[in-house]
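Here's the letter readout for the chains.
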Amino acid sequence: MRLSLLLCLMLSAPATASVLSGHVLDPESRAAGGATVWLWQEEAIQRTVSTDAGGFTFANVQPGTAQLVALKTGLALGGTSFFVVGDGEQNVQLGPSGEIHLKVNGPNAGGPVAGARVYSIMLNDAFIVPVEDLVVQGFPAWRSGDDGAITLTNMPADGFAKIKLKHLDYADTYLDFVPVRDRATPVMLDAGVMVHGRVTDAKGKPIKGAILDVWQANEDGFYDVQQKGIQPDMNLRGVFTSEADGSYYFRSAYPRYCPIPHDGTVGKMLEALDRNH
């Protein structure tokens, strides 16, 4: 009885905020003062500047996943992805920097496209930079001009990035491997289709805040979970939330043919129905 009561109290106890501290280091592992440091969590973004000794501190850090990103002029972005469980320390190492150049064009050789923006990047498969969320806190906004060109500065020299692009008039574009180099990487946007609707209860009353988890197959008809090691995790997926009136909308690449897997329970069902698709 006492054990059950103690367990109940532990599970019901509110999560407490933590303090996160650390240091930003340059390529020679010396203190990198004056670096801008962002702490991203789903519910909040904090920003600070490292001291002359490279130190930084964030208070009121909530339990859960977090991204730490540091930027200093002339050096590559540094960061780390981690899980907060209490007070802790996370150091960030900065390295030599280079640039990524993108050349964004419309579908079917439609020419340069202005207004494509970098939504997020993952650097060297090591950490994520949630660019669009950080822009409101002073992070650089990378967007294509009239010539379709985007230059991403402060990239790790000789490294690579996975980049997600967004544009109001085109489907989201995911670039699985973009090297840091002087030559531009061409990008062709997909016109896509607009998907929209409303979420309601059985009486037609709109539901606000409903989560829509959308999956789409790639050009070969496979979902990311069917091609581990070939497609990146979470490829061609999206999570959307309905508005106050229950409405939702998103633009997607036009879906390709998607075969039904014949293994497991689905395969047995198709066999029983004498169907092959």
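Since the structure is predicted, the reported quantities are computational estimates derived from the model, not experimental observations.

Undergrad: Please explain the overall build of the protein as it appears in this structure.
TA: Summing up its helical and strand segments, the protein has three helices and 19 strands in all. Residues classed as buried in the protein amount to 37% of the 277 residues present. Within the protein, residue pairs in contact and separated by at least 24 positions form 61% of the contacts whose partners lie at least 6 positions apart. Accessible surface for the protein amounts to roughly 16300 Å². Of this, 55% is attributable to carbon and sulfur atoms.

Undergrad: How should I be thinking about the sheet that holds strand S9 (residues 97–105) in this particular structure?
TA: Strand-to-strand pairing in sheets goes through backbone hydrogen bonds, with the strands running parallel or antiparallel. In spatial order, the strands read S12-S9-S15; together these three strands make up an open sheet with mixed pairing. Edge positions in the sheet fall to strand S12 (149–156) and strand S15 (185–188), since each has one partner strand and no second. Pairwise comparison of adjacent strand axes, ignoring direction, gives a mean angle of 30° for this sheet.

Undergrad: Is there a simple way to explain the sheet that holds strand S2 (residues 36–41) in this structure?
TA: Spatial ordering of the open sheet is given by S3-S2-S5-S6, a layout of four strands whose pairing is antiparallel. Edge positions in the sheet fall to strand S3 (44–49) and strand S6 (78–84), since each of these pairs with one other strand and no more. In this sheet, adjacent strand axes meet at a mean angle of 15° when their direction is disregarded.

Undergrad: Is there a simple way to explain the pattern of salt bridges in this structure?
TA: Pairs can form between side chains of opposite charge once their charged atoms are near each other. Within this structure, the stated rule accounts for seven salt bridges. A salt bridge links Glu 132 to Arg 117; the nearest nitrogen and oxygen atoms lie 2.5 Å apart. Of this pair, Glu 132 sits in helix H2 (residues 131–135) while Arg 117 sits in strand S10 (residues 117–123), and the two are 15 residues apart along the sequence. Judged by its relative accessible area of 29%, Glu 132 falls in the partly exposed class. Between Asp 224 and Arg 237 there is a salt bridge, with the nearest N and O atoms lying 2.7 Å from each other.

Undergrad: How should the packing of aromatic side chains be read in this particular structure?
TA: Aromatic rings in a pair are described by how distant their centres are and how their planes are angled relative to each other. Per the stated rule, a full pass over the model turns up six aromatic pairs. One aromatic cluster is present, built from ring pairs that chain together Trp 38, Phe 139 and Trp 142. The ring of Trp 215 has Arg 237 sitting right over it, with the charged end atom 3.8 Å from the ring centre.

Undergrad: Before we go on, may I ask you to explain the nonpolar core in this structure?
TA: Nonpolar side chains in soluble globular proteins generally cluster together in the buried interior. Core analysis: the biggest nonpolar cluster contains 31 residues, and Leu 77, Leu 102, Ile 121, Val 129, Trp 142, Leu 152 and Ile 163 have the highest contact counts within it. Setting aside chain neighbours within four positions, we find Ile 121 in contact with Leu 77, Phe 127, Ile 128, Val 129, Val 131, Trp 142, Leu 152, Met 155, Lys 162 and Ile 163.

Undergrad: Whenever I open this one, the environment of Ile 45 confuses me. Can you help?
TA: The topology assignment puts Ile 45 in strand S3. By relative accessible area, Ile 45 is classed as partly exposed at 23%. Separated by 16 residues in the primary sequence, Ile 45 and Val 61 have C-alpha atoms spaced 9.8 Å apart. Setting aside anything within four residues of it in sequence, one finds Ile 45 in contact with Trp 38, Leu 39, Trp 40, Asp 133, Leu 134 and Gln 137.

Undergrad: Looking at this structure, how should I read unusual backbone geometry?
TA: Even without being glycine, Asn 60 reaches a positive phi, approximately 55°. If you trace the backbone, Asn 60 turns up in strand S4 (residues 55–61). Look at Asp 125: it is not a glycine, yet its phi comes out positive at around 55°. Looking at where Asp 125 falls in the secondary structure, it is placed in the loop between S10 and strand S11 (127–129).

Undergrad: Quick question: what am I supposed to make of the confidence of the model for the protein here?
TA: A low pLDDT means the predicted coordinates there should not be read in detail. With 90% of its residues at a pLDDT of 70 or more, the protein has an overall mean of 88. Across the protein, the secondary-structure element scoring lowest on mean pLDDT is helix H1 (residues 2–12), at 46, and the one scoring highest is S12, at 98. Confidence over residues 5–13 falls short of pLDDT 50; this stretch has zero contacts with residues more than four positions distant or in other chains.

Undergrad: I keep staring at the environment of Pro 156 and nothing clicks. Help me out?
TA: Tracing the backbone through its elements, the reader meets Pro 156 in strand S12. Taking the C-alpha atoms as reference points, Pro 156 and Leu 123, separated by 33 residues in sequence, lie 7.7 Å from one another. The contact partners of Pro 156, leaving out residues within four places of it in the chain, are Ala 76, Pro 96, Gly 98, Leu 123, Asn 124 and Val 180.

Undergrad: I'm lost on the side chain of Gln 216 in this one. Help?
TA: Here Gln 216 lies in the loop between strand S17 (211–215) and strand S18 (237–241). A polar atom in the side chain of Gln 216 sits 2.7 Å from the side chain of Ser 252.

Undergrad: Whenever I open this one, the side chain of His 101 confuses me. Can you help?
TA: Its place among the elements puts His 101 in strand S9. Those residues in contact with His 101 that sit more than four places away from it in its chain are Ile 150, Thr 151, Arg 181, Asp 182, Arg 183, Ala 184 and Thr 185.

Undergrad: Would you take a moment to explain the environment of Thr 65 for this structure?
TA: Tracing the sequence through the fold places Thr 65 in strand S5 (residues 64–71). On the basis of relative accessible area, Thr 65 is assigned to the partly exposed category, the value being 43%. Residues Thr 65 and Val 84, 19 residues apart in the sequence, show an inter-C-alpha distance of 6.2 Å. Residues in contact with Thr 65, not counting those within four places in the same chain, are Trp 40, Gln 41, Phe 82 and Phe 83.

Reading guide: rules and limits
- Residues numbered from 1 in each chain as written.
- Predicted model: local features only at pLDDT ≥ 70, side-chain atom pairs only at ≥ 80, totals over all residues.
- Heavy atoms only, no water.
- Helix = DSSP H or I, 4+ residues; strand = E, 2+ residues; numbered from the N terminus.
- Buried < 20%, exposed > 50% of the residue type's maximum accessible area, 1.4 Å probe, protein only.
- Contact = heavy atoms within 4.5 Å.
- Areas by Shrake-Rupley, 256 points an atom, 1.4 Å probe, with all protein chains shown as cover.
- Pairing = 2+ DSSP bridges.
- Axes fitted to C-alpha atoms, helices over the stretch in contact; angles between N-to-C directions.
- Salt bridge = Lys/Arg side-chain N within 4 Å of Asp/Glu carboxyl O.
- Phe/Tyr/Trp six-rings, centres within 6.5 Å; stacked < 30°, edge-to-face > 60°.
- Lys NZ or Arg CZ within 6 Å of the ring centre and 35° of its normal.
- Core = buried A, V, L, I, M, F, W, Y, C linked by side-chain atoms within 4.5 Å.
- pLDDT = per-residue confidence, 0-100.
- Polar contact = N/O pair within 3.5 Å; in protein donor to acceptor, adjacent residues only side chain to side chain.

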